[in-house]
Amino acid sequence: MRCDWTDLPGEIREEIEARTGPVGSITPAPAGDHADFAATVHTAGGRTFIKAARKLAGRDGPEVMSLRREAAVLPHVARFAPRLLWQAEAGGWLALGIEHIDGRRADFSRGSPDLEVLAETVHHLQSTPCPSAVTLSAERRWGKFTGEAGSLSGDTLLHTDLNEDNFIITPDGRAYLVDWAFTTRGAAWLEPMMLLPWLIDAGHSPQEAEEWVCRFPAWLQAPSAAIDMFTAGFAAWWQDAARTRPEAWIARRADVAGRWAAHRLKGPPGEGGRTSLWMEPDRH
């Protein structure tokens, strides 16, 4: 659960206000869960989106590590992302100041005009050179769970979490991708793969979702066996998580992943000779 502004240590609040000016009001982020604090702060100088996370016993925990990854990549993806304005570290916390974007969350439902914007953005993203700042590789992130790391290898810049909340469209039609905490270097087909469950969650049938991602050459050229293995692992992990953590959002992800796996594998993962593999979720 995210904390409030007043829960932050005085040291980090002082460092933040040294950069933004005195904070007048706070608008909590409407979605997401990667940071311990995420909100837009309103000051006399304007608005700044702030993400902050606490260290664990004096060392970087998963949340701090995700913020460091985001801070490293943001300067290299200005075409798609809000600007990183500053970083602050004090009181056992790391905070990022990010450009506030006025816009709405995307609509990925069938027939939405946002789908064409999404497709165009993914095409541009996949043609963007992956900066050296992206050190998380697909093989390291997922290889041991798919059984064949070679098919995951590549030099494509992957956002890996293109859900409707992370795809912001401004009134003038510009698209921004936010939450780059798990940007990965790997095979290009992995981006459509990670997008499929979000399309299903938005109301597409599994078949419709797969037909939609067929517009990406990388998906059409991907090894079918690798997609099958990834699909099985992804569904198996979320179904196991739903059994051990009875939270609504986990149950929803497990349902979507299960429906995709049933379509792709022609049966639940683990049946019909398929292998159920443990799969890391797209959150930490």
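In what follows, the accompanying structure is described. (Residues numbered from 1 in each chain as written. Predicted model: local features only at pLDDT ≥ 70, side-chain atom pairs only at ≥ 80, totals over all residues. Heavy atoms only, no water.)

A closer look at the overall build of the protein chain
Where we set the bar: Where helices and strands are cited, they refer to DSSP runs of H or I of at least four residues and of E of at least two residues respectively, numbered from the N terminus. For this measure, only C-alpha atoms enter the radius of gyration; the expected value for a globule follows 2.2 Å times N^0.38, where N is the number of residues. Burial classes follow relative accessibility: with a 1.4 Å probe on protein chains only, a residue under 20% of its type's maximum area counts as buried, one over 50% as exposed, and anything between as partly exposed. The criterion used for residue contact is that any of the two residues' heavy atoms lie within 4.5 Å. Using the Shrake-Rupley algorithm and a 1.4 Å probe, accessible areas are obtained, with residue cover drawn only from the displayed protein chains. Charge convention: Lys and Arg are scored as positive, Asp and Glu as negative, and His as well as the terminal groups of each chain are ignored. Each charge is placed at NZ for Lys, CZ for Arg, CG for Asp and CD for Glu.
Counting its secondary structure elements, the protein chain contains nine helices and ten strands. Computed over its C-alpha atoms, the radius of gyration of the protein chain comes to 19 Å, within 12% of the 19 Å expected for a compact globule of 284 residues. In terms of overall dimensions, the protein chain has a C-alpha envelope of 60 × 45 × 35 Å along the principal axes. Counting every position in the protein chain, which comprises 284 residues, the buried fraction comes to 54%. Sequence-distant contacts, at least 24 apart, represent 69% of the contacts inside the protein chain between residues at least 6 apart. Split by element, the accessible area of the protein chain, about 12,600 Å² in all, is 51% carbon and sulfur. Across the protein chain, the mean location of the 30 positive side-chain charges is 2 Å away from that of the 38 negative side-chain charges.

Re the environment of D240
Turning to its location among the elements, D240 is positioned in helix α8 (residues 224-244). Distance from D240 to I250, taken between C-alpha atoms, is 9.9 Å for residues ten residues apart in sequence.

Here's the deal with the sheet that holds strand β3 (residues 46-54)
Heads up, the condition is: Any two strands are treated as partners once DSSP identifies two or more bridges connecting them. The axes are straight lines fitted to the C-alpha atoms, using for helices just the contacting stretch, and the angles between their N-to-C directions are given from 0 to 180°.
Pairing within the open sheet is antiparallel, and its five strands lie in the order β1-β2-β3-β5-β4. The open sheet has two edge strands, β1 (25-28) and β4 (84-90), and neither has a second partner. Geometrically, the sheet is characterised by an average inter-axis angle of 25° between neighbouring strands, direction not taken into account. One ladder, built from six bridges, connects β4 with strand β5 (residues 93-99); its direction is antiparallel. Opposite L84, over in β5, you have I98 as the bridge partner. Each of β2 (37-43), β3, β4 and β5 is contacted by helix α1 (residues 10-20), which is oriented at about 150° to β4, the strand it contacts most.

Focus on the packing of helix α5 (residues 190-201) against helix α6 (residues 206-213)
The test is simple: Roughly parallel means an angle under 35 degrees; roughly antiparallel, over 145; roughly perpendicular, 65 to 115; everything else is oblique. The hand of a helix crossing depends on one turn: near helix anticlockwise from the far one by less than a right angle means left-handed, and clockwise means right-handed. Polarity classes work like this: nonpolar for Ala, Val, Leu, Ile, Met, Phe, Trp, Tyr, Cys and Pro, charged for Asp, Glu, Lys and Arg, and polar for all others, with Gly in that last group.
Contact pair α5 / α6: the axes reach a minimum separation of 9 Å and the direction vectors enclose 140°. Considering the angle they form, α5 stands oblique to α6. For the crossing formed where α5 meets α6, the hand is right-handed. Note on element contacts: α6 touches α5 through P206, A209, E210, W212 and V213, opposite P192, L195, L196, L199 and I200. The residue makeup of the contact of α5 with α6, split by class, is nine nonpolar, no polar and one charged.

Overview of the pairing of β5
Remark: a regular strand shows side chains that alternate across the two faces of the sheet. In terms of burial, β5 is largely enclosed, as six of its seven residues are buried. Two elements, β3 and β5, share seven bridges in a ladder whose sense is antiparallel. By the bridge assignment, I50 is partnered in β5 with G97. Taken together, β4 and the strand that follows it, β5, pair antiparallel across an intervening segment of two residues, in which G91 is found at a positive phi of about 60°.

Examining the packing of aromatic side chains
Each pair of aromatic rings is reported with the distance of its centres and the angle of its planes. The line we're drawing: Any two rings among Phe, Tyr and Trp, with Trp reduced to its six-membered ring, count as a pair given centres within 6.5 Å; such a pair is stacked if its planes are under 30 degrees apart, edge-to-face if over 60, and tilted if neither.
In total, this model carries eight aromatic pairs according to the counting rule given. An angle of 50° between the planes, with centres 6.1 Å apart, marks the rings of W5 and F37 as tilted. Of this pair, W5 sits in the segment before α1 while F37 sits in strand β2, placing them 32 residues apart in sequence. With respect to burial, W5 and F37 carry one shared label: buried. Relative to F230, the ring of W189 has its centre 6.1 Å away and its plane inclined at 80°; by these criteria the two rings are edge-to-face.

Looking at unusual backbone geometry
The backbone of T160 sits at a positive phi, close to 75°, despite the residue not being glycine. Examined against the element boundaries, T160 turns out to sit in the loop between β7 (156-158) and β8 (167-169). For T160, a relative accessible area of 2% corresponds to the buried category. Even without glycine at this site, D179 takes up a positive phi of about 60°. In this structure D179 comes out as buried when scored by relative accessible area, which is 12%.

Just distances and angles here, no functional claims.
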